Amino acid sequence: MRLRKYLLNNQAVVTLVLINLVVYILLNAFPGLSGVFLLDPDLSMVMEKPWTVVTVFFSHEIHIHVLLNMLLVLVFGTQLVRETHAKVIYFIYILCGLIGSWTILGYTSFVEYTGGPIAGASAASFGIVAAYAAIRPDTVILRSKSKYWLIALFIVNAVLTIQNPSVSVGGPAHAAGIVLGFIIGRLLLRKLKPLKNAGQSSPDDKSMQEDRRETVSK
């Protein structure tokens, strides 16, 4: 019952995680699909395959990469759904993923990147963490406040990028996802949350109200 309730209340989070896992399995089972899903930062290739600006943030080739990103989406996305609603998760994931893709295109041309196609949803998943931390900075998640998780992600990402600027080309994209997610949280979601709480009841609240009515009727 609890699993069913979780799935019903967090369809957006589950959908994003499942899509990423399915694409990960397909990329490892059929390596030739890398040319279809991954983002080649060469502008001529982007013009030839413009959809890769989107598919890149649903794609992973390394298991630790997909596990870490999907863990962030699962944990912080679930919390964010409780504060907002499913459409917000899709909105933040896609928008932060896109800003990550565009940042990669600009940064790789600046550092004259010569590596291969790029994969990963870190900009999108980090954006979800940032959005939640913006509206609930002091909520404890996995034994630490959400704002500390966000700070840790930003610092580690910055250190890795500074150490290997021509290798860690995803670093600026991750940072862009964090910044955009935080801005969305501060400017939009902090205003949206009171409206939701004032005008809507969560499934748990509704069940509690029904229990109270039954008690009164008895």
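Residues numbered from 1 in each chain as written. Predicted model: local features only at pLDDT ≥ 70, side-chain atom pairs only at ≥ 80, totals over all residues. Heavy atoms only, no water.

### So, the overall build of the chain
Of the regular secondary structure elements, the chain holds 11 helices and 2 strands. Start at the N end of the chain and walk to the C end: the helices and strands fall as α-α-α-α-α-α-α-α-β-β-α-α-α. Counting all 218 residues of the chain, 41% fall into the buried class. Considering only intrachain contacts with a sequence separation of at least 6, the fraction spanning at least 24 residues in the chain is 74%. Accessible surface, the chain: about 12,400 Å² in total, of which carbon and sulfur atoms supply 66%. (Helix = DSSP H or I, 4+ residues; strand = E, 2+ residues; numbered from the N terminus. Buried < 20%, exposed > 50% of the residue type's maximum accessible area, 1.4 Å probe, protein only. Contact = heavy atoms within 4.5 Å. Areas by Shrake-Rupley, 256 points an atom, 1.4 Å probe, with all protein chains shown as cover.)

### Some points on the confidence of the model for the chain
Summing up the model confidence of the chain, the mean pLDDT is 86 and the portion of residues at 70 or higher is 86%. Mean pLDDT values for the elements of the chain range from 41 in helix H11 (residues 203-217) up to 97 in helix H5 (residues 52-55). Counting interchain partners and residues more than four positions distant, the pLDDT-below-50 stretch residues 197-218 has 4 contacts. (pLDDT = per-residue confidence, 0-100.)

### Some details on the packing of helix H1 (residues 2-9) against helix H2 (residues 11-29)
Remark: H1 packs on H2, axes separated minimally by 5 Å, with the N-to-C direction vectors making an angle of 90 degrees. Taken together, H1 and H2 sit at an angle that is classed as roughly perpendicular. Contact residues: H1 offers Tyr6, Leu7, Leu8 and Asn9, while H2 offers Gln11, Val13 and Val14. (Axes fitted to C-alpha atoms, helices over the stretch in contact; angles between N-to-C directions. Parallel < 35°, antiparallel > 145°, perpendicular 65-115°, else oblique.)

### Some remarks on the environment of Phe57
Topologically, Phe57 is positioned in the loop between H5 and helix H6 (63-83). Separated by 37 residues in the primary sequence, Phe57 and Ile94 place their C-alpha atoms 8.3 Å from one another. What Phe57 contacts, discounting residues up to four positions off in sequence, is Asn20, Tyr93, Ile94, Gly97, Leu98, Ser101, Gly120 and Ala121.

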